[in-house]
Amino acid sequence: MTRSVSSIHDHFSRNFQLKILLFLLIPVMAKAQEESVLLTFRHPAIGAVYIGGLYDSRTEQTFLPLTGLFSLLEINYEADAGNFIVRGNFLAAGNPYVIDLSATKINLGKEEFNLTADDFRVAATDYFLSPKVFEKVFGLNFTVDIEHLTMTLETSANLPVQERKARERDRSQMGSSAMNQDFPLGYDRKYAFMSGAMLDYSIMGVYYNDAQSLSYTLTGGMELLGGDLQGTLTGTHDSYGFNDFYASNLRWRFGILNNKFISSFTAGQLSTTGLMSYAIRGVAVTNNPIEPRQMYTSRIIDGTTEPQSEVELYINDQLTDYQRADELGYYRFKIPMTYGTTRTSLRIFTPSGELKVVDRQMQVPYTFLPKGVITYNMQAGLAEPTLNMNPAEKYISHGDVAVGVSNWLTAKIGADHAGEAFTTGKFFGYGSLSARIASQYLLNLDIAPDAYYRLAGSVIYTNNVSMNFIYTRFDGYSPFNSNLALEAFSANLYLPFHFFGINTAFQLGGDHAVLPNSRSTRLIADLSAMVGRVNVRVNYRDNMVTTSESSYFGENNLTTSLTYTISRTPGIPVFVKGMFVRGQLIYRVRSNQVLTSELQISKTLFKTGRLNLSAAYNHVSHIVNAQLGFTLDLKPVRSTTTINSVNSSVSARQSFTGSIGLDAPHGHVDFSNRQQAGQAGADVILFVDNNNSGTCDKGDELLPCKGVKLDQSAVMKLGRDTILRLSQLQSYYRYNLSVVRNAIADPTVVPLKNDFSFIADPNQYKQIEIPFYRGGIIEGSVVLERNGNQSGQGGLRLLLKAVGKDYEQTVRTFEDGGFYTMDLAPGKYTLEVDPVQLNFMNAKQTGILEFEIKARSEGDYIEGLKILLKAE
């Protein structure tokens, strides 16, 4: 049965107060005759809820429900109604408690507390304790105002419900770097004959010794014939009459999604992808992802813990996903293994209050492919003209094939055809093997006959210690070995450590090359430490060339620098607050000579501006170099001004950079100081669907708010037309979008879909409409059947759960067994009585109640729901 919103609220305004007054008449096992009272309990982590208590008017004593409050505060408990015992862990796994009412005692840890008959009551649906017992045993100071029927709580303990709310706040911020499983696809790639327009620009003027020049770069993008068209125009003009204008990177690309054989076809100005890159005018075909590959593959992380534990997944120290372990304690995450180093951490919060942490680390080289995946690249065309081009070298082609042999090995072969560019002939072939050993040790072998053979390895440990090396054996002269080296070796070590509580890091690296008649060695050592707000760094560089006759030493410079950032604490003068100061000195050790000294000051101005001042003195040439720079970072444009002085010579440079994006369907032009050409955007329209059409039509109410979040970074701007525009999206990427209910000003509206994904269309704003509807309301009753008689059962906790969604709510019944709740989102739900209270009553629910809230602009109202309990 359905009703309008106005009739629904009129119905409850007439009946709600009556049901409150009739709430919860509980029979108690005590000499005194207590009456039931309904108290309003307010707490920052819970809000305002109603708690049913007992009140003895003769002794003016109040009793509060034990499991009802522990459930509300999410304190771990397990009730044994047959033996009048409640046990669990109080706040932490190592702090067990046992409440034994039959023995009239409470044990908390190693302490024991005795109870009297005036400290508790036993009822049909719960045990009731006096507030003084809660305070004495558990440190929970409940204050009851019986005159106003209110109750408050004061405690120094950090309650589990508070910890969960804090975790939920952290989870609400997830998304910037999360790469979870994709949500259901709501908006697929939409192809158009011609659509969108993005233009990036950079204009710079230079003044130097009475000479002026003006240069500009314009990079544009749009969708044409279903593909993305992009190109750059560059021009230069100066006071001497020099004018230059040329086009570059002009190409058209057609992207094909979800096809393992081909992902894109490109025509225009390209670069080959072999060991040596060539600029050509031609075509390219590949099945590699359109955008740079980020994820290697997926990996399952699962395990078992206590049932109903909350399990949080951190990837690279950022909260990425979470879930609740099922009734068997099982949890399962499908996580992305990204290229590079991926650190995962599982934080398990058990119902007993224990925190478990499980850390792992994985490494995947950028040359790796998932097992069984085969990729290829093919390019062919005419070389871009150069002054010294040989006509025989005009045609250039390249091809390569790579295969993921296993989860730890990837192989690749390729060949180039580049005229006479190679001494061995027109064709040049190569191959490589990439291996991952024990999850974190990486090895790579490159084989390029008649050119070189190279072996590289690296490792990063969980304590951030890292090492890498590269060994190369050259095979004669080639474009890769212009200095005729025989072999080369390089290595690097990074070692962070703590020294008397100071974060310190030491880095040592170098390389060694063997030539026919000499050897060359270069050494770099770097030590850095953070002492308070001062960053200290010492760097040493040296090199040496050895022949059969003698040795020659090159630079042996010692560079020291101190960097200090002035705090923004009160009392610091405003003109230096937040200022960045850096001093640097370069000293040549062998000649005992100071080479240069430099001082740099940087300060934020007007919140969007940055002033930079620097002065350097060359002690050898006696040259003073001073520079003044000011950057103003406004939302529509970025302005950079630089004035440089070298002794008496002065030069100045002024530049403006920005981007213009055309949102044609809404007649809007978006100005930005960040690049937009080649990228994508989205228009998110949140609205109340007044005519139930599912689309935004005339007369629908727009919701002006930033009410969504993405799983990856993006720029969000709410326009005056109430459209939420997302920019800085990657073309062809699939984004997960979630609705943020707390950001919606009207709490009575709920979205039809909370989570879905969309594919970003290139060089344009994709329109995404999210309809909202008034929340649904349910009303019903709980009936207990005993000895053939049925009666309404009050004082029960009903667990309301959404099917297929992470949503759960507790609904409480009135004295006559009636219940209701409102503001439910469209979808399917289940409703059942709390099993703990069923155990108290020695009863069973005949079946889990199921119902569905439908999407209607006026809201959906379901009445007549009935839950039948049968006493055993």
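Quick word on the overall build of the protein
- On a plain count of helices and strands, the protein comes out with 5 helices and 62 strands.
- Viewed in the frame of its principal axes, the protein has a C-alpha envelope of about 110 × 65 × 60 Å.
- Taken across its 872 residues, the protein has 41% of its residues classed as buried.
- Counted over contacts in the protein with a minimum sequence separation of 6, partners at least 24 positions apart contribute 52%.
- Surface exposure of the protein reaches about 44,500 Å², of which carbon and sulfur atoms provide 56%.

A closer look at helix 3 (residues 131-138)
- Among the residues of helix 3, those classed as buried are Pro 131, Val 133, Phe 134, Val 137 and Phe 138. For helix 3, the angular spread of the buried residues around the axis is 165°, confining them to a single face. Residues of helix 3 that are exposed and point more than 90 degrees away from the buried face comprise Lys 132 and Lys 136.
- Taken from the residues just after helix 3, Gly 139 is the one with a positive phi, measuring 70°.

Digging into the side chain of Asp 228
- Turning to its location among the elements, Asp 228 is positioned in strand 16 (residues 227-238).
- One polar contact links Asp 228 to Tyr 732, side chain to side chain, over a distance of 2.7 Å.
- Ignoring any residue separated from it by four or fewer positions in sequence, one finds Asp 228 in contact with Met 222, Glu 223, Arg 251, Trp 252, Arg 253, Tyr 732, Pro 762 and Asn 763.

Quick look at the sheet that holds strand 57 (residues 808-812)
- Strand order in this open sheet of 4 strands is 57-56-59-61, and the pairing throughout is antiparallel. Single-partner strands in this sheet number two, and they are strand 57 and strand 61 (849-853). Looking at each pair of strands side by side, their axes are set apart by 30° on average, direction ignored.
- As paired strands, strand 59 (residues 827-833) and strand 61 are joined by 5 bridges and run antiparallel to one another. The residue of strand 61 that forms the bridge with Gly 827 is Ile 853.

Quick look at helix 2 (residues 66-73)
- When you tally the buried positions in helix 2, you get 7 out of 8 residues, the bulk of the element.
- Where helix 2 is concerned, the buried positions are Leu 66, Thr 67, Gly 68, Leu 69, Phe 70, Leu 72 and Leu 73.
- Backbone geometry just after helix 2 places Glu 74 at a positive phi near 65°.

Considering the pattern of salt bridges
- Within the structure shown, the criterion is met by 25 salt bridges.
- A salt bridge links Asp 633 to Arg 638, with the shortest nitrogen-to-oxygen separation between them at 3.3 Å.
- Owing to a relative accessible area of 31%, Arg 638 belongs among the partly exposed residues under this scheme.
- Two residues, Arg 797 and Asp 834, come together in a salt bridge whose shortest N-O distance is 3.1 Å.

Examining unusual backbone geometry
- One non-glycine residue, Phe 606, lies in positive phi territory at about 55°.
- Examined against the element boundaries, Phe 606 turns out to sit in the loop between strand 39 (593-605) and strand 40 (609-618).
- By relative accessible area, which is 68% here, Phe 606 ends up exposed.
- Of note, Asn 763 is a non-glycine position whose phi angle comes to about 60°, a positive value.
- For Asn 763, the location among the structural elements is in the loop between strand 52 (755-759) and strand 53 (765-774).

Examining the packing of aromatic side chains
- For the coordinates displayed, the defined rule picks out 23 aromatic pairs.
- For the ring pair Phe 90 and Phe 138, a centre distance of 5.0 Å and an interplane angle of 45° mean the geometry is tilted. Note that Phe 90 is positioned in the loop between strand 5 (85-89) and strand 6 (96-100) and Phe 138 in helix 3, a separation of 48 residues in sequence.
- Residue classification places Phe 90 among the buried positions, given a relative accessible area of 5%.
- On the accessibility criterion, Phe 138 (5% relative accessible area) is buried.
- Through pairs of rings, three or more aromatic residues link up here, namely Phe 41, Phe 70, Phe 90, Tyr 97, Phe 134, Phe 138 and Phe 142.
- Here the basic side chain of Arg 347 rests over the ring of Tyr 314, its NZ or CZ set 3.9 Å away from the ring centre.
- Over the aromatic face of Tyr 452 sits the side chain of Arg 454, whose NZ or CZ is 4.5 Å from the ring centroid.

Looking at the pairing of strand 40
- Relative to strand 40, strand 39 is paired through 10 bridges, and the arrangement is antiparallel. Residue pairing across strands places Glu 598 opposite Ala 616, the latter belonging to strand 40.
- Counting the residues between successive antiparallel strands, the hairpin from strand 39 to strand 40 contains 3 residues, one of them, Phe 606, with a positive phi of roughly 55°.
- By the bridge criterion, 10 bridges tie strand 40 to strand 41 (residues 623-633) in an arrangement that is antiparallel. Pairing of Arg 610 across the sheet is with Thr 631, part of strand 41.
- Linking strand 40 to strand 41, which pair antiparallel, is a turn of 4 residues; within it His 622 sits at a positive phi near 55°.

Thoughts on the sheet that holds strand 4 (residues 78-80)
- Strand order across the open sheet formed by 5 strands is 4-5-6-7-8, with antiparallel pairing between neighbours. Edge positions in the sheet fall to strand 4 and strand 8 (111-114), since each has one partner strand and no second. Strand-to-strand twist across the sheet, computed as the mean angle between neighbouring axes with direction ignored, equals 15°.
- Those strands touched by helix 3 are strand 6, strand 7 (105-108) and strand 8, and its axis lies near 30° from that of strand 7.

Re the confidence of the model for the protein
- When pLDDT is averaged along the protein, the result is 85; 91% of the residues meet or exceed 70.
- Note on residues 175-179: pLDDT under 50 across the span, and 17 contacts to partners over four residues away in sequence or across chains.

Quick notes on the side chain of Ser 432
- Mapping Ser 432 onto the fold places it in strand 29 (residues 425-437).
- On the accessibility criterion, Ser 432 (14% relative accessible area) is buried.
- Those residues within four positions of Ser 432 in sequence are excluded, and the remaining contacts are Thr 410, Ala 411, Lys 412, Leu 445 and Asp 446.

A few points about the environment of Asn 259
- Counting through the fold element by element, Asn 259 comes out in the loop between strand 17 (243-255) and strand 18 (264-271).
- Taking the relative accessible area as the measure of exposure, Asn 259 reaches 31% and is therefore partly exposed.
- Expressed as a C-alpha distance, the spacing of Asn 259 and Ser 57, which sit 202 residues apart in the sequence, is 76 Å.
- Side-chain polar atoms of Asn 259 contact the backbone nitrogen of Phe 261, separated by 2.8 Å.

Things to note about the state of the cysteines
- A complete count under the given rule lists 0 disulfides for this structure.
- Cys 696 takes part in no disulfide bond, and the closest cysteine sulfur, belonging to Cys 705, lies 13 Å away.

Points about the environment of Ile 106
- In this structure, Ile 106 sits in strand 7.
- On the basis of relative accessibility, which here comes to 0%, the residue Ile 106 falls in the buried class.
- Sequence separation between Ile 106 and Val 749 is 643 residues; the distance between their C-alpha atoms is 47 Å.

Some details on the nonpolar core
- With 41 residues, the main nonpolar core has Phe 41, Phe 70, Tyr 97, Phe 134, Phe 138, Leu 140 and Phe 142 as its most contacted residues.
- Residues Val 782, Ala 825, Met 841 and Ile 867 belong to the second largest nonpolar core, which totals 25 residues.

Analysis parameters
Residues numbered from 1 in each chain as written. Predicted model: local features only at pLDDT ≥ 70, side-chain atom pairs only at ≥ 80, totals over all residues. Heavy atoms only, no water. Helix = DSSP H or I, 4+ residues; strand = E, 2+ residues; numbered from the N terminus. Buried < 20%, exposed > 50% of the residue type's maximum accessible area, 1.4 Å probe, protein only. Contact = heavy atoms within 4.5 Å. Areas by Shrake-Rupley, 256 points an atom, 1.4 Å probe, with all protein chains shown as cover. Arc of directions from axis to C-beta. Polar contact = N/O pair within 3.5 Å; in protein donor to acceptor, adjacent residues only side chain to side chain. Pairing = 2+ DSSP bridges. Axes fitted to C-alpha atoms, helices over the stretch in contact; angles between N-to-C directions. Salt bridge = Lys/Arg side-chain N within 4 Å of Asp/Glu carboxyl O. Phe/Tyr/Trp six-rings, centres within 6.5 Å; stacked < 30°, edge-to-face > 60°. Lys NZ or Arg CZ within 6 Å of the ring centre and 35° of its normal. pLDDT = per-residue confidence, 0-100. Disulfide = S-S within 2.5 Å. Core = buried A, V, L, I, M, F, W, Y, C linked by side-chain atoms within 4.5 Å.

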